[in-house]
Amino acid sequence: MSESYGDPSVPRGGAEPPGNGCRPPGARPTSSLRRVDGDGGAGQRPGRLLWPKAVFPLPVAAVFPLPIANGSGNGAASNGAASNARRSNGSSASAAHAVAPLPVPVADRPAAPGQLPIPASPAPGPASAAAHAVAPLPVPVVDRPAAPDDWSASPAPGPGMERRQRSLSQRLAGIGVPLVVFVASRAVLAVVLFLAERLPGSGKAGRFLAAGTAGRYLAVAERGYPRTLVHTPGGSRLAYSPLYPMMIRLLHRLAGMSIERSAIVISLACSAVAMVVIWLVIDRLTGSPSTATRSVILVSFFPWSFVLSMANPDGLLLLLAAVCLLALLDDQWLTAGLAALLAGVTSPYGLLLVVPCLWAAVASIRSQRQWDALLAPVLAPLGVFGFFGYLKARTGKFFAAILAQVRGVTYSGIGTQPKAARQLLSAFSRHPTANLNLLASLATLLVIVAGVGALVYLRPKGLVWAFVVPFIAAGLWLNTFASLPVVVLLAFPLLAGFAWSVRRSGFAIVVAISASLMAMLFVLIGLTSLVVP
């Protein structure tokens, strides 16, 4: 038998000699072996034959007893093989090496993880030939990690590596897909607005896009805050947060657009960016781009999402809330704190972001001792307190905004008006369609209950609950029977539960019904006073 057995160019015939290609009795046939070629696949070196998910720690002589050469037969071949073995391994040779050269590693090389330890080669001597004849073969494990000195093998990809190795098209989907979805939803509203303007007595587009509290924010952008707490029918301007009016005034001065148009442009731009951030948040939570896309579709075509096209700060608040949640998920404490701070200057609801910031900080400190996580909950309430400090300097009252809201802004929640709540429910039971605001709020209660159930099925992190529950609780307490649907937009992870659980056929039906309701409510708000955004 020739020494060129290890050469793949030499065909093998007859009995299979022992070595890496041998098959112990009772094992799988030789055809079940697979050769690892190319870059080493599964963390192995190229060119090895691997047993499929099995380890045979048996010496070769125990399975295939080999005769020890005693000078007869292939003596010349034995001498040649022995000399080659001495040159390569520095140890004595035997006739068994002439049949199958066994890979004997040097003594100072540690065994790779998942590989049986190999004893050091004995010193050259007369008795070393038999020891080499029965030396155990190194049997690699199929899925073992690469040895410390094996740089050719690549590490097994984990979740973080898979995210980093996404293709460019997949990463761009996080920007392009939500933008396309949002533009499509605004196109639907543009068509509805075009048709509604031609109805008798409808008026111009400003009647649709500046309804409700939009006029108060426009007034703050034009005239600023008064120096005294004056009670007006629509509520004092001191009750409305300053960030959105400041942005309107800035764009008005830079671009030369009107106050109304500047307000609508800012709302649309902030809402579009908010859809991108929402897509990233849901993809981060679920690991499913399709679920993220479906969530953005539900948010964009939600029946109350027409407020994202109006002169209201809801789009800006939604953007800042989504940025805060995404930053908390990625342990970006400064970004999360700044987003919560700006949200507090946008709306009183922004103060609720202190809860998820504090939750994430406590969890990070307990698990990883990251004390810098306290930066987020420390920064979060500073926006509200800064606004109160400004009103203190301007009006002399630190809580001027709260006094203006209590005295001038009408709330219809079970926490503020319990007696009125009972009266509203009694009137609704007699005439369900008389109060469309109440009807929309009660329908939203059903959506919230179903969304919470779907979110429980997803089993999200506690941080998600710390983000969702405060918005729902505040909405039920302050606006139980008016403008409650806006809370669902802010608690957008609820809609992710629907996107995950609803089937494709049912999802299309849900989106169609939601878009129809959005168009109908948008027209009712512009033509009548039956619904207040």
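Fair warning: this is a prediction, and the values are worked out from it, not measured in the lab.

Caption draft 1: The overall build of the chain, seen in detail. The helix and strand inventory of the chain stands at 23 helices and 2 strands. Counting the 533 residues in the chain, one finds 44% classified as buried. Sequence-distant contacts in the chain: of pairs separated by 6 or more residues, those separated by 24 or more amount to 71%. Roughly 26,700 Å² of accessible area belongs to the chain as shown, and the carbon and sulfur atoms make up 65% of that amount.

Caption draft 2: Examining the pattern of salt bridges more closely. Counted according to the given criterion, the structure contains 3 salt bridges. The salt bridge involving glutamate 197 is made with arginine 198; its shortest N-O contact spans 3.9 Å. Owing to a relative accessible area of 28%, glutamate 197 belongs among the partly exposed residues under this scheme. Owing to a relative accessible area of 53%, arginine 198 belongs among the exposed residues under this scheme. With its nearest N and O atoms 3.9 Å apart, the salt bridge here joins arginine 223 to glutamate 222. Arginine 223 gets classed as exposed once you look at its relative accessible area, which sits at 53%.

Caption draft 3: Expanded view of unusual backbone geometry. Despite not being glycine, aspartate 331 shows a phi value in the positive range, around 60°. Residue placement: aspartate 331 occurs in the loop between helix 12 (314–329) and helix 13 (333–346). Exposure remark for aspartate 331: the relative accessible area of 33% places this residue in the partly exposed category. Phi is positive for arginine 369, close to 60°, though the residue is something other than glycine. When you line up the elements, arginine 369 lands in the loop between helix 14 (354–368) and helix 15 (375–379). Under the relative-accessibility criterion, arginine 369 is labelled exposed at 59%.

Caption draft 4: Seen up close, the packing of helix 11 (residues 289–300) against helix 22 (residues 493–501). Closest axis-to-axis distance for the helix 11/helix 22 pair is 8 Å, and the angle between their directions is 120°. Comparing the axis directions of helix 11 and helix 22 gives the class oblique. The handedness of the crossing between helix 11 and helix 22 comes out as right-handed. Here Thr291, Arg294, Ser295, Leu298 and Val299 of helix 11 come into contact with helix 22, specifically with Leu495, Ala496, Phe498, Ala499 and Trp500. The residue makeup of the contact of helix 11 with helix 22, split by class, is 7 nonpolar, 2 polar and 1 charged.

Caption draft 5: Representation of the packing of aromatic side chains in the model. Counted by the stated rule, this structure contains 12 aromatic pairs. A ring pair is formed by phenylalanine 387 and phenylalanine 388, whose centres lie 6.4 Å apart and whose planes are at 40°; its orientation type is tilted. By relative accessible area, which is 7% here, phenylalanine 387 ends up buried. A relative accessible area of 9% places phenylalanine 388 in the buried class. An aromatic cluster is built from Tyr225, Phe387, Phe388, Tyr390, Phe398 and Phe399, whose rings are joined through pairwise contacts.

Caption draft 6: Region of interest: helix 22. Where burial is concerned, most of helix 22 is hidden: 7 out of the 9 residues are buried. Tucked into the core, helix 22 has its buried residues touching helix 10 (259–286), helix 11, helix 12, helix 19 (436–458), helix 20 (462–478) and helix 21 (485–490).

Caption draft 7: Inspection of the side chain of serine 271 at higher detail. Residue position: serine 271 is located in helix 10. Residue serine 271 is classed as buried on the basis of its relative accessible area of 0%. Polar contacts involving the side chain of serine 271 include one to the main-chain carbonyl oxygen of serine 267, which spans 2.7 Å. When neighbours within four sequence positions are excluded, serine 271 is seen to be in contact with Phe182, Leu308 and Gly315.

Caption draft 8: Region of interest: the environment of phenylalanine 306. Tracing the chain through its elements places phenylalanine 306 in the loop between helix 11 and helix 12. Under the relative-accessibility criterion, phenylalanine 306 is labelled buried at 0%. Between the alpha carbons of phenylalanine 306 and leucine 189 there is a distance of 7.5 Å; along the sequence they are 117 residues apart.

Caption draft 9: Main features of the environment of arginine 237. Here arginine 237 shows up in the loop between helix 8 (214–223) and helix 9 (243–255). For arginine 237, a relative accessible area of 17% puts it in the buried group. On a C-alpha basis, the gap between arginine 237 and glutamine 405 in space is 9.4 Å, while along the polypeptide they are 168 residues apart. Arginine 237 has contacts with Arg216, Ala219, Val220, Arg223, Gly224, Tyr225 and Pro226, leaving out every residue within four places of it along the chain.

Caption draft 10: Seen up close, the packing of helix 19 against helix 20. For the pair helix 19 and helix 20, interaxial distance at closest approach is 13 Å and the crossing angle is 165°. In terms of axis orientation, helix 19 runs roughly antiparallel to helix 20. Relative to helix 20, helix 19 is oriented so that their crossing is left-handed. Here helix 19 contributes Leu445, Ile448, Val452, Leu455 and Val456 to the contact with helix 20, which in turn contributes Val464, Trp465, Val468, Ile472 and Leu476.

Caption draft 11: Region of the structure containing the side chain of serine 364. Topologically, serine 364 is positioned in helix 14. The exposure class assigned to serine 364 is buried, which follows from its relative accessible area of 7%. In this view, serine 364 contacts Trp333, Arg369, Gln370 and Ala373; residues no more than four positions away in its chain are not counted.

Caption draft 12: Representation of the confidence of the model for the chain in the model. The predicted model of the chain has a mean per-residue pLDDT of 73, with 61% of residues at 70 or higher. Throughout residues 27–100 the model reports pLDDT below 50, and contacts reaching past four residues in sequence, or to other chains, amount to 126 contacts.

Caption draft 13: Structural context of the state of the cysteines. Scanning the model with the defined rule gives 0 disulfides in all. Residue cysteine 324 stays outside any disulfide, its sulfur separated by 3.7 Å from that of cysteine 357, the closest cysteine. Assessed through its relative accessible area of 0%, cysteine 324 is described here as buried. Residue classification places cysteine 357 among the buried residues on the basis of a relative accessible area of 0%.

Definitions and limits used
- Residues numbered from 1 in each chain as written.
- Predicted model: local features only at pLDDT ≥ 70, side-chain atom pairs only at ≥ 80, totals over all residues.
- Heavy atoms only, no water.
- Helix = DSSP H or I, 4+ residues; strand = E, 2+ residues; numbered from the N terminus.
- Buried < 20%, exposed > 50% of the residue type's maximum accessible area, 1.4 Å probe, protein only.
- Contact = heavy atoms within 4.5 Å.
- Areas by Shrake-Rupley, 256 points an atom, 1.4 Å probe, with all protein chains shown as cover.
- Salt bridge = Lys/Arg side-chain N within 4 Å of Asp/Glu carboxyl O.
- Axes fitted to C-alpha atoms, helices over the stretch in contact; angles between N-to-C directions.
- Parallel < 35°, antiparallel > 145°, perpendicular 65-115°, else oblique.
- Left-handed = near helix turned anticlockwise from the far one by under 90°.
- Nonpolar A, V, L, I, M, F, W, Y, C, P; charged D, E, K, R; others polar.
- Phe/Tyr/Trp six-rings, centres within 6.5 Å; stacked < 30°, edge-to-face > 60°.
- Polar contact = N/O pair within 3.5 Å; in protein donor to acceptor, adjacent residues only side chain to side chain.
- pLDDT = per-residue confidence, 0-100.
- Disulfide = S-S within 2.5 Å.

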